[in-house]
Amino acid sequence: MGRQKSPLKTHPSTGSARTLSRRIDLWRKTSSTLLREIESIVLLDHIELENGIKFDEEVKGFEIKLITQALELVGGKQSKAAKLLDLRPTTLNEKIKRYNIELGK
């Protein structure tokens, strides 16, 4: 008798097992990123404005966090991170340099 194929390899809606595995990994990374973003939004509720804040520093910290997460999600590829963030690649590169964001950790 012939060798039986895995259902994942032959099912028409999944493509190949490798494709399915990549999709699962992408969903796992995306859900993790979304969870971190939700946690960030929750933290915004706890900023105490009564004594004032340094707005520019808060914005800088938020930008650094978004850029770092986007780069992690796409394996450090700046062009893909720029697309995720809806930025021109040159703008993203300028921000990476301005904020001294380390690449390839």
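Anything mentioned here points back to the structure above.
These lines cover the structure that appears in this document, whether it is placed above or below. (Residues numbered from 1 in each chain as written. Predicted model: local features only at pLDDT ≥ 70, side-chain atom pairs only at ≥ 80, totals over all residues. Heavy atoms only, no water.)

**Here's the deal with the overall build of the chain**
The secondary structure content of the chain amounts to five helices and zero strands. The helix and strand sequence of the chain, counted from the amino end, reads α-α-α-α-α. Counting across all 105 residues of the chain, residues that qualify as buried make up 17%. Sequence separation of 24 or more characterises 42% of the internal contacts of the chain that already satisfy a separation of 6 or more. Here the chain has roughly 8,900 Å² of accessible surface; of this, 56% comes from carbon and sulfur atoms. (Helix = DSSP H or I, 4+ residues; strand = E, 2+ residues; numbered from the N terminus. Buried < 20%, exposed > 50% of the residue type's maximum accessible area, 1.4 Å probe, protein only. Contact = heavy atoms within 4.5 Å. Areas by Shrake-Rupley, 256 points an atom, 1.4 Å probe, with all protein chains shown as cover.)

**A short note on unusual backbone geometry**
A positive phi angle, close to 55°, is found at Asp86, a residue other than glycine. Here Asn100, not a glycine, exhibits a phi torsion of approximately 55°, which is positive. Following the sequence through the fold, Asn100 ends up in the segment after helix H5 (89-98). On the basis of relative accessibility, which here comes to 64%, the residue Asn100 falls in the exposed class.

**Observations concerning a nonpolar patch on the surface**
A contiguous nonpolar surface patch, about 380 Å² in accessible area, is contributed by Leu49, Ile53, Phe55 and Val59. As for its placement among the helices and strands, Val59 is situated in helix H3 (residues 55-73). Judged by its relative accessible area of 32%, Val59 is partly exposed. (Patch = residues over 30% accessible without salt bridge, like charges linked within 9 Å, V, L, I, M, F, W, Y side chains within 5 Å. Salt bridge = Lys/Arg side-chain N within 4 Å of Asp/Glu carboxyl O.)

**Thoughts on the nonpolar core**
Counting ten residues, the largest nonpolar core is built from Ile67, Ala70, Leu71, Val74, Ala81, Ala82, Leu92, Ile96, Tyr99 and Ile101. Listing elements by their share of this core, those giving two or more residues are H3, helix H4 (78-85) and H5. The element that contributes the greatest number of residues to this core is H3, accounting for three residues. Not counting chain neighbours up to four residues away, the residues in contact with Tyr99 comprise Lys60, Glu63 and Ile64. (Core = buried A, V, L, I, M, F, W, Y, C linked by side-chain atoms within 4.5 Å.)

**Quick look at the side chain of Gln69**
Relative to the elements of secondary structure, Gln69 occurs in helix H3. Contacts of Gln69, omitting those with residues within four sequence positions, involve Thr33, Arg36 and Glu37.

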